[in-house]
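# Notes for the structure review
Here is how the chains run, residue by residue.
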Amino acid sequence: MLTGAGISAESGIPTFRAAQTGLYAQHSPQELASPEGFRKDPKLVWEWYAWRRSKVTAANPNRGHLALVAMEQRVPKFTLITQNVDGLHRRAGSLNVLELHGNIMNTKCSRENTPVTGWQDTGSIPPICPNCKAFLRPDVVWFGESLPADKLLAALDAASACNVFLSVGTSTLVEPAASLPFLALRHGAVVIEVNPEQTPLSKQAAIILSGEAGSILPQLVNAVWGCVI
Ligand code: OAD
């Protein structure tokens, strides 16, 4: 199954594309989430991610995340592919999670591309790599960058092999994640979409559960397994 920003909306984390409240309301995705944007204005990008980190730290998993934990405990081969960098699936208790776009809590060196866990606060924004003095950056996938190959391959395998594919809270616009439900369709899976809005997947999904993940997913696990979230 695949999740996007919509599943965390009810935890108080704005989605990317909502007109008024979305994460790109004031700046374009390219300004805030691309190597070019970072080169142009590293302070703006670092501070935008610091603001998002504070939102994520203050947030808690919601009933939608918890329903997926219950589902994983009942489905023999369950893979949770997420585009979200907020880590809420793992905090909820999901185990087999593929974080395709990384995790906002992690930091790496913008030059060496290696994870960095500790650095001195010299007042520099962004902070400086303790090894090579280049700027540090969030360890997330930006526009124009490749996804981690091992995670993408595992996601493609899971989408090709599954019987049922759930697509929850994603606009199904950003590649390559957007192709996963269509890959599952081509391999004969029953594709179910959970979203209050239409997406490019809606016309092809076998079942559309139109509404918010935090109420639809608990109803789904209740209907199938009788468990109450
Ligand atoms: P979007 O912001 O593009 O889409 C969020 C989707 O969630 C929309 O289709 C909403 O209708 C839906 N939604 C909103 N509230 C919901 C709720 N309570 N329950 C269920 N669905 C709800 O977010 P993503 O599709 O995740 O990439 O965006 C994909 C990628 O684009 C992100 O991972 C990010 C972004 O640019 C990178 O940063 C690389």
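Right above here is the structure, for reference.
As the structure is a computational prediction, the values presented were derived from the model and not from experiment.

On to the site of the ligand. Around the ligand sit 22 residues, and of these E10, R17, T170, S171 and N195 come closest. The separation between an oxygen atom of the ligand and a polar main-chain atom of F16 is 2.8 Å. The separation between an oxygen atom of the ligand and a polar main-chain atom of Q83 is 3.2 Å. Cavity membership is defined here by more than half of the atoms lying within 2 Å of grid points; on that basis the ligand lies in the largest pocket. The residue makeup of the shell around the ligand, split by class, is nine nonpolar, nine polar and four charged.

Moving on: the pattern of salt bridges. Using the criterion set out here, one finds four salt bridges in the structure. With its nearest N and O atoms 3.9 Å apart, the salt bridge here joins R39 to E36. Of this pair, R39 and E36 both sit in helix α3 (residues 35–40), three residues apart, which is roughly one turn of that helix. Judged by relative accessible area, R39 falls into the exposed class, the value being 64%. When the shortest N-O distance is used, the salt bridge between D139 and K108 registers 3.8 Å. A residue pair is termed long-range when its members are at least 10 positions apart, and D139 in strand β5 (residues 136–140) and K108 in strand β4 (residues 102–109) qualify at 31 residues.

Reading the values: rules and limits
- Residues numbered from 1 in each chain as written.
- Predicted model: local features only at pLDDT ≥ 70, side-chain atom pairs only at ≥ 80, totals over all residues.
- Heavy atoms only, no water.
- Near = heavy atom within 4 Å.
- Polar contact = N/O pair within 3.5 Å; in protein donor to acceptor, adjacent residues only side chain to side chain.
- 1 Å grid on protein atoms, 1.4 Å probe; cavity = no way out; pocket = protein on both sides within 12 Å on 5 of 7 lines; lining within 4 Å.
- Sits in = over half its atoms within 2 Å of the grid points.
- Nonpolar A, V, L, I, M, F, W, Y, C, P; charged D, E, K, R; others polar.
- Salt bridge = Lys/Arg side-chain N within 4 Å of Asp/Glu carboxyl O.
- Helix = DSSP H or I, 4+ residues; strand = E, 2+ residues; numbered from the N terminus.
- Buried < 20%, exposed > 50% of the residue type's maximum accessible area, 1.4 Å probe, protein only.

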